[in-house]
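# Coordinate inspection notes
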Amino acid sequence: MTDPLSKSGLSRRSLLTTAVAGSAALTVPARANDPAITELQPWMQSLGDGVDARPYGTPSPYEADAVRRDVPWLTADPISSVNFTPLHKLEGIITPNGLCFERHHGGVAEVDPAKHRLMINGLVDKPLVFTMEDLKRFPRENHVYFLECAANSGMEWRGAQLNGCQFTHGMVHCVVYTGVKLKHILEEAGVKTNAKWIMPEGADASAMTRSIPIEKALDDCMVAFAMNGEALRPEQGYPLRIVVPGWEGNMWVKWLRRIEVGDEPWHHREETSKYTDLLASGKARRFTWEMDVKSVITSPSPQAPITHGKGRTVLSGLAWSGRGTIDRVDVSLDGGSNWTTARVDGPSHTKALHRFYHEFDWDGEPLLLQSRAIDSEGWVQPTKNALRDVRGTESIYHNNSIQTWYVQKDGEVENVEVG
Amino acid sequence: MLKSVDLSLLPLPAAPLLPLPPGEGRGEGIATRTTLTRPSSKARGLFTALATLLLTTPALANDLGRPATPAEIAAWDIDIRPDGQGLPEGGGTPADGEPIYNDRCASCHGVFGEGEGRWPVLTGGDGTLQDDRPVKTIGSYWPYASTVWDYIHRAMPFGDAQSLSDDEVYALTAYVLYMNDIIDDEDFELTRETFGEIEMPNEGGFIADERPDTMTLAKGEPCMSDCTDGPVKITMRAAVLDVTPQTEATTDEGETVMVAAAAPAFDAGLAEKGKKVFKKCGACHQVGEKAKNRTGPLLNGVIGKEAGAVEKFRYSKAMKKAAAEGLIWNAETLGWYLEAPRTYMKGTKMSFKGLSDEDDRAAVIEYLKQFE
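So, a few notes on the structure that sits alongside this text.

Parameters and conventions
- Residues numbered from 1 in each chain as written.
- Chains lettered and ligands numbered in written order.
- Predicted model: local features only at pLDDT ≥ 70, side-chain atom pairs only at ≥ 80, totals over all residues.
- Heavy atoms only, no water.
- Helix = DSSP H or I, 4+ residues; strand = E, 2+ residues; numbered from the N terminus.
- Buried < 20%, exposed > 50% of the residue type's maximum accessible area, 1.4 Å probe, protein only.
- Areas by Shrake-Rupley, 256 points an atom, 1.4 Å probe, with all protein chains shown as cover.
- Contact = heavy atoms within 4.5 Å.
- Disulfide = S-S within 2.5 Å.
- Pairing = 2+ DSSP bridges.
- Phe/Tyr/Trp six-rings, centres within 6.5 Å; stacked < 30°, edge-to-face > 60°.
- Lys NZ or Arg CZ within 6 Å of the ring centre and 35° of its normal.
- Axes fitted to C-alpha atoms, helices over the stretch in contact; angles between N-to-C directions.
- Parallel < 35°, antiparallel > 145°, perpendicular 65-115°, else oblique.
- Left-handed = near helix turned anticlockwise from the far one by under 90°.
- Buried area = accessible area lost by both parts, 1.4 Å probe.
- Salt bridge = Lys/Arg side-chain N within 4 Å of Asp/Glu carboxyl O.
- Polar contact = N/O pair within 3.5 Å; in protein donor to acceptor, adjacent residues only side chain to side chain.
- Nonpolar A, V, L, I, M, F, W, Y, C, P; charged D, E, K, R; others polar.

Further remarks concern the overall build of chain A. On a plain count of helices and strands, chain A comes out with nine helices and 23 strands. Within chain A, the proportion of its 419 residues that are buried is 62%. In the structure as shown, chain A presents an accessible area of about 16000 Å², 53% of it carried by carbon and sulfur atoms.

Once that is clear, we can look at the overall build of chain B. From N to C terminus, chain B includes twelve helices and five strands. For chain B, buried positions account for 39% of its 372 residues. Counting contacts in chain B only where the partners sit at least 6 residues apart, residues at least 24 apart contribute 55% of the total. Counting every atom, chain B has about 22200 Å² of accessible surface; 55% of that belongs to carbon and sulfur.

Let us now look at the side chain of A:Ser80. Topologically, A:Ser80 is positioned in the loop between β1 (69-70) and β2 (83-84). Those residues in contact with A:Ser80, other than ones at most four positions away along the chain, are A:Thr75, A:Arg103, A:His104, A:His105 and B:Phe158.

Moving on, we come to the state of the cysteines. Residues and elements named next belong to chain B. Inspection of the entire model under this criterion finds one disulfide over all chains. Between the sulfur of Cys223 and that of Cys227 lies a disulfide, 2.1 Å long from S to S. Looking down the S-S bond of the Cys223 and Cys227 bridge, the torsion is -95 degrees, so its handedness is left-handed. Here Cys223 falls in the partly exposed class, since its relative accessible area comes to 34%. By relative accessible area, which is 27% here, Cys227 ends up partly exposed.

Attention now moves to the pairing of strand β20 (residues 354-362) of chain A. Residue and element names in this part refer to chain A. In terms of burial, β20 is a largely internal element, seven of the nine residues being buried. Strand direction decides the pairing type here: strand β16 (residues 311-320) and β20, joined by nine bridges, are antiparallel. Bridge pairing in β20 places Ser316 opposite Tyr357. In the sheet, strand β19 (residues 343-345) pairs with β20 via three bridges, with the strands oriented antiparallel. Bridge pairing in β20 places Arg343 opposite Tyr357.

Enumeration according to the criterion identifies 20 aromatic pairs over all chains in this entry. Plain terms: the ring middles of A:Trp197 and A:Trp289 are 6.0 Å apart, the flat faces sit at 65 degrees to each other, and that makes the pair edge-to-face. Pair noted here: A:Trp197 is in strand β7 (residues 197-202) and A:Trp289 is in the loop between β14 (284-285) and β15 (294-299), with a separation of 92 residues, a long-range link. For the pair formed by A:Trp197 and A:Trp289, the shared burial category is buried. Grouping aromatic residues by their ring pairs yields a cluster made of A:Trp197, A:Trp247, A:Phe287 and A:Trp289. Positioned above the aromatic ring of A:Phe225 is the side chain of A:Lys136, whose terminal nitrogen or guanidinium carbon lies 5.1 Å from the ring centre. A:Arg269 extends its terminal NZ or CZ atom over the ring of B:Tyr151, reaching a point 4.5 Å from the ring centre.

Residues and elements named next belong to chain B. Running from N to C, helix α5 (residues 145-155) and helix α6 (residues 166-179) cross one another at 130 degrees; their axes reach a closest spacing of 9 Å. Put simply, α5 runs oblique to α6. Considering only the axes of α5 and α6, their crossing is right-handed. Contacts between α5 and α6 involve Ala145, Val148, Trp149, Ile152 and His153 on the former and, on the latter, Asp166, Val169, Tyr170, Leu172, Thr173 and Leu177.

All names here are of chain B. Relative to the elements of secondary structure, Asp360 occurs in helix α12 (residues 358-368). Separated by 22 residues in the primary sequence, Asp360 and Leu338 place their C-alpha atoms 9.7 Å from one another. Not counting residues within four places of it along the chain, the set of residues in contact with Asp360 comprises Lys273, Val277 and Leu355.

Here A:Tyr238 and A:Pro239 are connected by a cis peptide whose omega angle stands at 10 degrees. For the peptide bond that leads from B:Arg211 to B:Pro212, omega is 5 degrees, which places it in the cis range. Assignment of secondary structure puts B:Pro212 in the loop between β4 (206-207) and β5 (234-237). In this model, A:Ser153 sits at a positive phi of 70 degrees, which is unusual for a non-glycine residue. With respect to the element layout, A:Ser153 can be found in the loop between β5 (140-148) and α6 (165-169).

As a further point, take the interface of chain B and chain A. Contact with chain B, which involves 90 residues of that partner, is made by 116 residues of chain A. At the boundary of chain B with chain A, total buried surface from both sides reaches about 8700 Å², with 53% on carbon and sulfur atoms. For the chain B face of the interface with chain A, the top three residues by lost area are B:Leu64, B:Trp76 and B:Arg211, together amounting to 10%. We note a salt bridge from A:Arg328 to B:Glu221, for which the minimum N-O separation is 3.5 Å. The tally of links between chain B and chain A comes to 45 residue pairs in polar contact (both at pLDDT 80 or more). Elements with a contribution of two residues or more to the side of chain B that touches chain A: β1 (66-67), α2 (70-76), α5, β4, β5 and α7 (238-241) of chain B. Taken together, the residues that form the side of chain B that touches chain A break down as 44 nonpolar, 20 polar and 26 charged.

The following block contains the structure:
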């Protein structure tokens, strides 16, 4: 096993320091020669691993920092819990499978696909059972969709709390799903005319259930067995999950074993006790399914400070909406007084992450960075205070407000609120 | 057998083809790449019809899957609705439910439903929904009693789902409602027939989605310059709170296993099997460097240690008594305990039903030997 980190005896921090010093040297008239060039590095001389060293490839050991992380104090135990996508480490719009955040209610079920079944019952002409092999005989489709937990940014309702976009916004991921449109499967069973709702159910120890209106089920819902070109990961519902584009992640039931068709919603725990939005009036909204327009700057951010000093700087971020595509992202460097429209780059899929950039010359003075997304339906991302004015601070879910990052003179970045 | 698709042989469906829904085929944000060459305008109509046939209707035999049998549906169709649909035969009273609750539920939810640690609070919170810190419980928040029945039955106790009989679920539901003063009489029998008599205090507390309740372009363009009254001030800083987890990289993130130095007769293969068995224990017990007491005590060094000896853990009277009598956990005693916890030690707080398989017990004990 070669581990460059341990071999060199350098800590990550000292590596970072070296990198900072090295790049700083470039801005000064160079006298000293760069040892990265003038000295022979080990990888230039000795042979590396052969082709079978990693039958399933893994990232460079220098990328050991790009991992999911949890916030231990959030939940009672690590089994019914959540961790967060390292958004600050990602590029483009696709989340690698191993970095997609996890949220389980009964741990990661390890399901044998040969013993997995999907049952369709309730208000159908003929209740059916499908094996995984049966499902792969339906016409397949590929779609890129984000999945966001309704509680993403839920810890920030009362104010700036967690220092890092991984923690404030990391309950989102975006992958390309391969699967079958749910309508084909429902049509196979024959949906009765009085059907108004469906209820997907998981095979895990929490047997997760949610009520979904039949219109959505017949519109763009999918039953997916692959993500980013390979089988679903166990923590994302292997071998089968329902895809409910643009809607609360909790509805995307994993380890999908059954779909019941009915004429009324079920009002189960995850749509009454949880995933209802308590307002200041004491009333709670229910069935708030769509994830609203939202954006966050992923760099600079608390976990991705500016290390190169003043001068040319790339601001990068993500925007998404459960109601369509992103039409525009504005960014502010002064806490929301003045805005410039950012450059959205890369593919623009409906209900998928969008990548935006804004390049600028940093003068080395403190900045208050914000981003504001506008979606194809004309919904505008609100400020934190605008959202609190209408929702109070106890909604938990659907916090899509504008995030502020405070960039200090030394390039360090902090999560703050502004007034 | 492979079949090539010959359009002329495709049977015409008896029912009309599904119309193309509005929006379908227009692409979803980005244009769908098509490899079809543009046909002449005369041919286009027919061509589009065929393309529609191919793209939107499988036009294949309607024979995937197989009928579900009544017994299969009965095994999986466990959901309950507010109108009572799905409730089975049977029943139970709060008085029936109390001992079951204390045995199976109180270790996490507390004897009075107050919740241990961060486990869910089940009782109290009446009239707090408009408060600064509302307490959302079954009594103060849940709109339907059917949800309680359904959830206990499908997912509780945590780590031993669907182990309760229908009568036990009725009894527990009745007891939880009794603890919330929703049922007054401890001998009220909750059944499919009496379920409709339950009135949940917050049933009327829910409203429909009212969005958009924030700005849309229909209400005007967002401000682009001089949008604030003077320079912006920082009003709150996350660093002051200091609740963000440490994010320094470690080489083996999350790996907490400490391997003991060459313990005699240690079977690594068996221990590896035990690691899987331990998943059943992991809901309540932790091992390793970062292990803490949870619902159950941490288990580092449990093999060879006196029973009831983990600091700061609140043991049951039964466990304290066993400890006073000199119980030591070794492969033999722990094996007996794990086989049937509440038979071996009547009154233990451990609500786990036990490991009936001897191999599983041996494996998990071997696994535990690794942790000092």
